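Examination of the molecular architecture
For reference, the chains in residue letters:
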Amino acid sequence: MLPAKEAESIILSLVQPFDQQLDAQLVDLSAATGRILASSVTSQWDFPHWDNSAMDGYAVRYADVKSCNAQQPAVLQIIEEISAGIEPQCRIQPGQASRIFTGACMPKGADTVVMQERTRREENRVFILEAPKQQAFVRHRASFYKAGEPLLQSGITLNAPEIAVLAAAGCTHLPVYRRPRVAILSTGNELVTPDQPLQPGQIVDSNQYALAAFVTLSGGVPVPLGIVRDEPEELKSAIAQSLSSADIVLSTGGVSVGDYDYVDRILAELGAQIHIRSVAVKPGKPLTVATFSPLSQEVQGGSNRSVLYFGLPGNPVSALVSCWRFVQPALSKLSGLPQEGWRPVFVKVRSHHDLHSDGRRETYLWGQLRLDATGSYEFHLAGGSHSSGNLINLAQTTGLAVVPVGQTLISAGEPVQVLQVSSPLGS
Ligand code: AMP
Ligand code: MG
């Protein structure tokens, strides 16, 4: 049994990230939310595009106003009114000013803006009542960004701020990485779809839905392949088929040591290289991680990347915990995210409850990260049984508290590492 950290590094070492050319596609800006940039983007525009005013006031020559004050105001002739979106027509000469509004272009000849609160107006004359600083309230062309420099780096996830930048820069079509395709197979003779009546002994294949939701929320495209009986031949052909349609395959069930647990044997028969068989975590000990090299795949989708196979435990709690802990980093690395985006995020917070473990394996207890009265996050353990067979109290989970190997108790009030598991769409 591998320690969790070791399993994580093996898994990450097996993932070859998407290629900037082969795995990129052009999308419209309006469809780019949540996608990952596949190359860096530049703009041919400076930001700001031209010198403009940061205030409502008057555009002046600093030389005309540098020594004025309320007792001896500078008196300037107003020659033009410049609102946002208008191109100034007049050059400011000594003794002149233009009325100007926020965002409007600076007129030629002016180098400073005086805010209107520091002025008094009489018809077409303005009295400047206080000397401004030179160049005050002027936003200079290219002071935020110079045309041609990198604007956004490859690997950035496009959320609202990045979309704003791209729109402002006039980038309407963008190269983004395609979304990883993740095939999902549920193994088990006892499984039925949720719309079927339950016969004695049967259970609903909730994993199919849970894993599809997990994949979607992680920025992937789920390829649901349904339920497969615990029949070696059926399983073999289902797994072989899954390889042709996916970058990653997630199967659940059939990876422990029961009489009907065929997955590992079939993977070997199909030519997979098996890297991990079990990990010292609870829940989720049986975890098979394998790769199919391009040559061993029966059908190749034109790519020469290995397909990564996760044989997850069938238990719905174990399956999801394994996804959060081990599949998520692999999916993130494959997707084209930069290295700091791959690693699972552990936060150190105080535990609100006592956390128990048998100390033999790294134990994950599910619950919520909640704000306490002082504004700090603390971990609240989900009420009810923490048996891996209990799916019900997994609802509303936002964090998994980690009790390390060798430790049997983290007392309420003590610090604990918590794996964040709520995944905003596409991040
Ligand atoms: P297994 O890993 O195949 O031994 O399954 C472990 C437990 O998880 C058993 O109680 C199964 O009935 C249950 N299980 C397996 N697959 C699923 C699934 N797709 N959805 C819900 N429960 C499952
Ligand atoms: Mg089974």
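Residues numbered from 1 in each chain as written. Chains lettered and ligands numbered in written order. Predicted model: local features only at pLDDT ≥ 70, side-chain atom pairs only at ≥ 80, totals over all residues. Heavy atoms only, no water.

**Observations concerning the overall build of the protein chain**
Scanning the protein chain from N- to C-terminus turns up seven helices and 28 strands. By its C-alpha atoms, the protein chain is 95 × 55 × 40 Å across when sized along the principal axes. Across the 427 residues that make up the protein chain, the buried fraction comes to 47%. When contacts within the protein chain are restricted to residue pairs at least 6 apart in sequence, long-range pairs at least 24 apart make up 70% of them. A total of about 20,400 Å² of accessible surface is found on the protein chain, and carbon and sulfur atoms cover 51% of it. A gap of 7 Å separates the mean positions of the 33 positive and 39 negative side-chain charges of the protein chain. (Helix = DSSP H or I, 4+ residues; strand = E, 2+ residues; numbered from the N terminus. Buried < 20%, exposed > 50% of the residue type's maximum accessible area, 1.4 Å probe, protein only. Contact = heavy atoms within 4.5 Å. Areas by Shrake-Rupley, 256 points an atom, 1.4 Å probe, with all protein chains shown as cover. Lys, Arg positive; Asp, Glu negative; His and termini not counted. Charge placed at Lys NZ, Arg CZ, Asp CG, Glu CD.)

**Some details on the pairing of strand 13 (residues 181–187)**
Among the seven residues that make up strand 13, six are buried, leaving the element largely enclosed by the rest of the structure. When strand 13 meets strand 16 (residues 221–228), the two strands line up parallel, connected through six bridges. Bridge assignment links Val 182 to a residue of strand 16, and that residue is Pro 222. Sheet analysis places strand 13 next to strand 17 (residues 248–252), joined by five bridges and oriented parallel. (Pairing = 2+ DSSP bridges.)

**Focus: the side chain of Thr 288**
As for its position among the elements, Thr 288 is in strand 20 (residues 286–292). Note on Thr 288: relative accessible area 0%, which makes it buried. Side chain to side chain, Thr 288 and Asp 264 meet in a polar contact 2.6 Å long. (Polar contact = N/O pair within 3.5 Å; in protein donor to acceptor, adjacent residues only side chain to side chain.)

**Observations concerning the packing of helix 1 (residues 4–14) against helix 7 (residues 316–335)**
Two quantities define a packed helix pair, namely the angle between the helix axes and the distance between the axes. Across the interface, helix 1 lies against helix 7 with an axial gap of 9 Å and an inter-helix angle of 25°. Our classification of the angle between helix 1 and helix 7 gives roughly parallel. In this structure, helix 1 meets helix 7 at a crossing whose hand is right-handed. Residues Ala 4, Lys 5, Ala 7, Glu 8, Ile 11 and Leu 12 of helix 1 pack against Arg 325, Phe 326, Pro 329, Ala 330 and Lys 333 of helix 7. Taken together, the residues of the contact of helix 1 with helix 7 break down into seven nonpolar, no polar and four charged. (Axes fitted to C-alpha atoms, helices over the stretch in contact; angles between N-to-C directions. Parallel < 35°, antiparallel > 145°, perpendicular 65-115°, else oblique. Left-handed = near helix turned anticlockwise from the far one by under 90°. Nonpolar A, V, L, I, M, F, W, Y, C, P; charged D, E, K, R; others polar.)

**Side note on the environment of Gly 57**
With respect to the helices and strands, Gly 57 occurs in strand 4 (residues 57–60). Look past the residues within four positions of Gly 57 in its chain and what remains in contact with it is Ser 98, Arg 99, Ile 100, Val 114, Met 115 and Gln 116.

**Considering the site of ligand 1**
Ligand 1 sits among 16 residues. The nearest are Glu 190, Asp 205, Gly 254, Gly 314 and Asn 315. Within the side chain of Asp 205, one N or O atom sits 2.7 Å away from a nitrogen atom of ligand 1. Protein contacts shield 74% of the accessible area of ligand 1, which totals 490 Å² for the unbound molecule. Structurally, ligand 1 is housed in the largest pocket. Breaking the shell around ligand 1 down by element, the ones donating at least two residues are strand 13, strand 15 (203–204) and helix 4 (206–217). Classifying every residue of the shell around ligand 1 by side-chain character gives four nonpolar, 10 polar and two charged. (Near = heavy atom within 4 Å. 1 Å grid on protein atoms, 1.4 Å probe; cavity = no way out; pocket = protein on both sides within 12 Å on 5 of 7 lines; lining within 4 Å. Sits in = over half its atoms within 2 Å of the grid points.)

**Examining the side chain of Ser 186**
By the element assignment, Ser 186 lies in strand 13. According to the relative accessible area criterion, Ser 186 is buried, its value standing at 1%. At a separation of 2.9 Å, a polar atom in the side chain of Ser 186 contacts the side chain of Gln 208. When residues no more than four places from it in sequence are discounted, the contact partners of Ser 186 are Leu 191, Asp 205, Asn 207, Gln 208, Gly 226, Ile 227, Val 228 and Thr 252.

**Topic: the sheet that holds strand 9 (residues 125–128)**
With mixed pairing, the six strands of this open sheet are ordered in space as 7-4-6-5-9-8. The open sheet has two free edges, formed respectively by strand 7 (112–115) and strand 8 (119–122), since each of these has just one partner strand. Each strand axis lies, on average, 35° off the axis of its neighbour in the sheet, ignoring direction. Sheet topology note: the strand 4/strand 6 (residues 96–100) ladder contains three bridges and is antiparallel. Opposite Tyr 58, over in strand 6, you have Arg 99 as the bridge partner.

Geometric values such as these leave the question of function open.
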